[in-house]
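Given next are the chains, with one letter for each unit.
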Amino acid sequence: MFCNKCGSNNAEGAQFCVVCGGRLGNQQSQRQPGQQQPGQQSQPNQQTYNQQSGQLNQQQYNQQYGQYGQQQYNQQYTQPGQQGQYSQPNQQQYNQQYTQPGQQGQYSQQNQQQYNQGQYSQPNQQYMAAPQKKGLSTGAIIGIIAGAAVVLFGIIAVIMVVVFSKGDTKDYARDESSITREKDDEPEVTTVSDASEGEPKEAETEAPTEEATEDPTALLEEQRSRMYGSYKSLLEEHKTAIQNYTWQLGYDATSSRPVAIRDLDGDDLEELVFLQADSEYAASLYIYTCKDDVIKQVYKYENIDAQVAGGSDYFVSSMTDKSGVMVYHSVSDEGIDEDFTLLEMKDGEYVPSVKYDISTHPNSDYTEDICECYKDGVSITEDEAMKEVKETFANLDAALVYSEHSTPSDISKDMLDVSMDYDSAIHAVEGSGPAGEAEQKDEGNKEAEPQSDSGQLPIDKDIEFNFASGAGAWGTSLTLKPDGTFSGSFHDSEMGDSGDGYPNGSIYVSNFTGSFKNITKIDDYTYKMELDHYDTANPVGTEEIQDDIRYVYSEPYGVEGGNVFYLYLPGKPISELTEEFISWSYGVKGQDLSKNKTLDCHGLYNEAAQEGFFE
């Protein structure tokens, strides 16, 4: 009878196990289903044992079964007189015969078969049956758990890959959508309006239409306004250098006109042209443009007006077809070296497209002058040079800036003069735009800046203007007619300037007549006109003595030295007038008009000389 607790074989009918002391019950009822009867050993059960226990090494076997199996074996089969007992030497012999070399306690297939056939079945039957009561081995359990964990982690990994793949796809789609929106010049923003239940919701598209519907002219004016602001800053930055250029129109001139604002390339936006004194004896020419609200210098002619040799002359003109800019420069000494350069815009800068060099100098014995002409460095005849230069001159539009001996009247009687002094330039960029735009011959500009129908001024009667400082016995009066003609007189009494034959002193006097041309409306309170001519009753510089007074016939002070004049109407904002003009008001009106908001009389302003007449 086998003990259910320890597996020991006890005598039939025994009540307690001789090994563990446990109580023995009905052996048949306690045996597990499928367990073999003593002395029986089926091949399938033996195979099960081989699969479950035969793989255990001897150390595992000793740990699992050595605690009671070996002890039982020794107790039962080593006692004297027991049938089939095995002594310790026999156990050693068993291990040597039925284990593989190097694998103690592990059974080979051949020895296992001999063992199963009954050679050692009787004494070892309980040893063979004991493992059937064990569950899965520790290694198998660990393997099953590890396999389940691997499967679980695999499932989790697959789920994560799927989830993150979808997330990346969504992010990629969102990024692509963002890129598309950024590239779209006019993105549409679509919103869905609320609708009552059962009614379809209408999509309302809010597309930016401001640029599409806004007046191009208004956009251009906004851009021009920003450009003028930038030009003003640039002029203010160069103010000192511009005002230090005092010899432009000769050392006897009272002012300079080194600034011009005019569209040179036909894009309806003006370029800024000015000269500034780089030193006490040299001035350089600069041209700036504004593209996309960025100010850029596009040309520089260094030392275009320098006090060298016999002096230098120059003029700069825009072209009628907006093809470029003409720059003339000359230096005189014994002879004269001239160059005519036609500039064209290339890669955002003005560069020479054609250049003519004409040099005229006396020969070695000074018996005749020799003229040498070159076109872009290649020698050409004087006739060829003069012909081509003349053709170029026919395309000249307006004089931008010029020197004393190269004035517009010296070049062409039809050439416009758009040059101005520093204060007038500031006035232009602060106000309604450059004065030079007003006198364009371009018929397309007449609507924006209409010229008077018959060259008439906006006055219906003659207006008498006076020009004086309030100090000294001098003054100029000028009577202006609606058609632009005028007459007047200048006098300056110098009683202390006496001599033989004129003990009562001297009087400088000028009686003159003249007319203005190109009368153009700038705004509701401003008209611009150019001096066409003036004539004096007596030759300038002559003198005579009458009644012990010397009369010296002079230029008409206030009119001479000017080319562009402005007529201001009552109501003109004082803030739009130059300080130089307002400063003359006290000598005539006896009050400082700068404290007023608007002009309360007619005014006449000589821009170049910065001299003002008041009604």
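These lines cover the structure that appears in this document, whether it is placed above or below. Residue positions within a chain follow its written sequence, with the count starting from 1. This being a predicted model, a pLDDT of at least 70 is required before a residue's local features are given, and a value of 80 or more before pairs of side-chain atoms are given or counted; all residues contribute to the totals for chains, interfaces and linings. Hydrogens and water are ignored here; the side-chain numbers use all heavy atoms of the structure.

Considering the nonpolar core
1) Next: Judged by nonpolar contacts, the single largest core of 35 residues is most densely connected at Phe465, Leu478, Leu480, Met529 and Leu567.
2) Next: Numbering of helices and strands runs from the N terminus; a helix is a DSSP stretch of H or I covering at least four residues, while a strand is a stretch of E covering at least two. Take this core: its biggest share by element is five residues, from strand S22 (residues 564-568).
3) Next: The contacts of leucine 480, once residues within four sequence positions are left out, are Leu457, Ile459, Lys461, Asp462, Ile463, Phe465, Thr485, Phe486, Phe516, Met529 and Leu567.
4) Next: Membership of the second largest hydrophobic core comes to 25 residues, among which are Ala260, Val273, Val298 and Tyr299. Remark: nonpolar core denotes a set of buried residues (Ala, Val, Leu, Ile, Met, Phe, Trp, Tyr, Cys) joined through side-chain atoms within 4.5 Å. Whether a residue is buried, partly exposed or exposed follows from its accessible area with a 1.4 Å probe, protein chains only, as a fraction of its type maximum: under 20%, in between, or over 50%, in that order. Note on definitions: a residue-residue contact is assigned when non-hydrogen atoms from the two residues lie within 4.5 Å.

A closer look at the packing of aromatic side chains
1) Next: When the centres of two rings from Phe, Tyr and Trp lie within 6.5 Å, Trp using its six-membered ring, the rings pair. Their planes under 30 degrees apart give stacked, over 60 give edge-to-face, and anything left gives tilted. Counted by the stated rule, this structure contains 20 aromatic pairs.
2) Next: For the pair tyrosine 245 and tryptophan 247, a centre-to-centre distance of 5.0 Å together with 90 degrees between the ring planes defines the contact as edge-to-face. The pair formed by tyrosine 245 and tryptophan 247 is uniform in burial state, with each residue classed as buried.
3) Next: Judged by centre distance (6.3 Å) and plane angle (5 degrees), the ring pair of tyrosine 566 and tyrosine 568 falls under stacked.

Some points on helix H14 (residues 422-430)
1) Next: With seven of its nine residues buried, H14 lies for the most part within the structure.
2) Next: Taken together, the buried positions of H14 are Tyr422, Asp423, Ser424, Ala425, Ile426, Ala428 and Val429.
3) Next: Contacts made by the buried residues of H14 are with helix H10 (216-237), helix H11 (239-243), strand S3 (259-262), helix H15 (579-583) and strand S23 (603-606).
4) Next: Where H14 starts, the residue carrying a side-chain oxygen 3.4 Å from the main-chain nitrogen of aspartate 423 turns out to be aspartate 421. The definition of a polar contact used here is a pair of N or O atoms within 3.5 Å, where within protein one atom must be able to donate a hydrogen and the other to accept one, and adjacent residues in sequence count solely through side-chain atom pairs.

Let's talk about the pairing of strand S10 (residues 349-362)
1) Next: By the convention used here, strands pair only if DSSP detects at least 2 bridges between them. Here strand S9 (residues 336-346) pairs with S10 via 11 bridges, running antiparallel. Bridge assignment links leucine 343 to a residue of S10, and that residue is proline 352.
2) Next: Hairpin geometry of S9 and S10 is characterised by an intervening segment of two residues between the two adjacent antiparallel strands and by a positive phi of about 55 degrees at aspartate 347.
3) Next: Of the pairings in the sheet, the one linking S10 to strand S11 (residues 369-375) comprises seven bridges and is antiparallel in character. Across the sheet, the residue bridging to aspartate 357 is tyrosine 374, located in S11.

Brief notes about the sheet that holds strand S8 (residues 325-332)
1) Next: Taking strand neighbours across the sheet as the criterion, the eight strands line up as S12-S11-S10-S9-S8-S7-S13-S14 in an open arrangement whose pairing is mixed. Each edge of the sheet is formed by a strand with only one pairing partner; in this case those strands are strand S12 (378-380) and strand S14 (416-417).
2) Next: In this structure, S11 lies alongside S12, joined through three bridges in antiparallel fashion. The residue bridging tyrosine 374 from the neighbouring strand is serine 379, located in S12.

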